[in-house]
Structure formats: structure tokens, C-alpha cells
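Structural features, examined
The primary structure of each chain is shown beneath.
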Amino acid sequence: MLAIMVDKILGEPKKYHPLIGFGYCANVLECYLNKAITKPNRIISLKVRGIIAWLLIVLPLPLLLMGYMIFIAEQLPWYLNFAIEVTVVYFALGLRSLKEHALQVFRPLNLDDLKTARHFTGYLVSRDTSALTPRQMTRATIESMLENGHDAVIATLVWYSIGGLPAVLLHRLANTLDAMWGYKTPQFKDFGWCAARIDDALGFISAKICTLLYAIQSPKHFNSSLYNAATQGGQYKSHNGGWVMAAGATALQIKLGGSAVYHNQSHTSPTLGQGNNIQVNDIIRSINLVNNAAYLWCLLLFFIALLAHI
């Protein structure tokens, strides 16, 4: 809870964010290992290189944190350990950052400033935004908010609850690497296979919890939120993303999905959610849905801890 409060007050570090340094190292490693291979076993070779790259870039820090917890933490004062835990969880969270990015699109859309809105929509999606309509930008922003609400917020809180700091760092680094390498493009289809699959596996449990946290905020549509998550979400390109977006859209009573262009290729996503066509103000509602989901999870943990000590 304190990490969420720190994130709310300070937001994402403007300079020297650890994930920026991690991304730089990942790019250097990818340039070195993801090179063209002309042998008949090219696909296998690139997949093996991708696995090696994942192990080299992701595992060291979580293992160091595990060593710290086993051999060093007990020798330090409790308040120092507490400060370290809050700091790591804070760096892994992206709640305020998500809200700021969404508002950067919402505000110009509200003023019919499409040029500025398209510019900031480009921060959220990996596709060309130069010709997007207001509805398409609204859809992209809401989808990003709901999906990244899981990746950058709920998953961090859930994995901290499950495995402490090593689990938080393992998921956050794996998820960041998936965002960099997990594309089905000629460059990453084989090399990024490992990064994409591991991120799917690590997000499986937390995505189901996020689905429940979204759905519970609309008691009237709770059952339909879960039903749509299971049926519609399974048809989406990302299992975890499909579940949380379908549940969130149903809770908000809006419909997401449709056609979009990624890396110069047209893709049509299945309908996610139910209800009305999206409106610009639904961006604010999606921000509130993610915020409330984070608070609900912390509240649930508080009551579990309280009952455990009675």
C-alpha cells in the first residue's frame, strides 16, 4: 500500500529509471545474439539464442534479490528491509504513469485536438497513429489501460503477495522483455518466442485475479464479465490480455476490439465486452477501474493478514 502511495505522489522517475537501463542492456544483447543465420536449423538456433538471452538478462537480478533475502536481510534492521521492499515494488509499479499516459490522450481528444491526441496515442500502441479517428484513439487508450493495468499494476501486487521481491522483479523484467521482443515480426518471431511464452505463463494467475478485480466492481454484470473473459478473451491474440480486457470492458459496459494495423499488417481483434460503443469519457472510467482494482487487492490482503493474526 505504501508503494502505491509513493507512486501516487512521485510518479515514475523521469530520469534513471531502472527499467530504462534494463531495456538498454536488452537491446545490446539482442543486437549481439539476434543475427541472421543461414543454416537449415535457423529457427531452432534463433529460439535457442532467445532462451539464452532471456536467461542472461532476466535471471541475475531476481537471484541476487533472493540471495539478499536469504543471507543478508535478517542481519539488517527491519525498517531498512521495509524501505528496500517499498522501493522495489514502487519501481515495478506503473499506476500513476498509466493514468498520465491515458490523460495525455483524453485531454486533447476532449478539445478536438486530434494531432496532439494522435501523438500521445503513439506512446501507448505499437502501430501507426497518424490517421486514427477519435473513436480508434479512445479504444486504443482504454485497451492499453485495461491490459497494462494488469501488467504494470495488478501483476506486480499479486506476485509480491506470492513470492516477495524476487517474484516481483522476475515478472516485471519478463514482462518488459516481452514488450520489447514478443512480436511476431521477422525480427522477433523466433528470437522473441521464449520471452513471449514465459510472460504468458507468469501472467496467467495474476490475469485471472485481475479479471475478478475488474468484474467485482460491477456486481450487476459480474457473471457476464467472467463469461466474456473466458469466451471472448480466449479468442484474443494474448490470452491474459484478452481476459482482463473482456472483463474490464464488460464491467464498464462498453465494446472493444475491431481492426487495427500493426507493423504494416492489418489485424482484426474479436469483440471484447458488451454494451455501448465507446465514448471519450470512458477513458476516465477505465482509469478508475484500474485504480480501484489495485486498492481492492490491497484491502483483501489487509483483511487476510488481520484474520491470520486473530
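Up top is the structure.
Values in this document were obtained by computation on a predicted structure and should not be read as measured data.

What counts as what
Residues numbered from 1 in each chain as written. Predicted model: local features only at pLDDT ≥ 70, side-chain atom pairs only at ≥ 80, totals over all residues. Heavy atoms only, no water. Salt bridge = Lys/Arg side-chain N within 4 Å of Asp/Glu carboxyl O. Helix = DSSP H or I, 4+ residues; strand = E, 2+ residues; numbered from the N terminus. Buried < 20%, exposed > 50% of the residue type's maximum accessible area, 1.4 Å probe, protein only. Expected span 1.5 Å × (residues − 1). Contact = heavy atoms within 4.5 Å. Polar contact = N/O pair within 3.5 Å; in protein donor to acceptor, adjacent residues only side chain to side chain.

1. Here's the deal with the pattern of salt bridges
Scanning the entire structure with this criterion turns up four salt bridges. Linking D282 and R285 is a salt bridge whose minimum nitrogen-to-oxygen distance equals 2.8 Å. Remark: R285 and D282 occur in helix α12 (residues 282-308); sequence separation between them is three residues, near one turn of the helix. The class of D282 is buried, set by a relative accessible area of 7%.

2. With respect to helix α5 (residues 78-92)
Taking 1.5 Å per residue, 15 residues should reach 21 Å; α5 reaches 21 Å between its end C-alpha atoms and fits that length. Buried within α5 we find N81, V86, V88, V89, Y90 and A92. Packed against the buried residues of α5 are α1 (2-10), α4 (60-72) and α8 (134-181).

3. Some thoughts on unusual backbone geometry
Both trends apply: most residues other than glycine have a negative phi, and most peptide bonds are in trans. Phi angles above zero are rare outside glycine, and D112 is one such case at about 60 degrees. One can find D112 in the loop between α6 (95-110) and α7 (114-121). For D112, a relative accessible area of 66% puts it in the exposed group. Of note in the backbone geometry, Q253 takes a positive phi value of approximately 60 degrees without being a glycine. Within the secondary structure, Q253 is located in the loop between α11 (239-252) and β1 (255-262).

4. Let's talk about the side chain of N34
On the secondary structure map, N34 appears in the loop between α2 (18-33) and α3 (42-58). Within the structure, the side chain of N34 is placed 2.8 Å from the backbone oxygen of Q187, a separation counted as a polar contact. The residues contacting N34, other than those within four sequence positions of it, are L46, Q187, F188 and F191.

5. Here's the deal with the environment of P134
With respect to the helices and strands, P134 occurs in helix α8. According to the relative accessible area criterion, P134 is partly exposed, its value standing at 35%. Sequence separation of P134 and V280 is 146 residues, and the distance between their C-alpha atoms is 7.9 Å. In this structure P134 touches L109 and L114, once residues within four positions along its chain are discounted.

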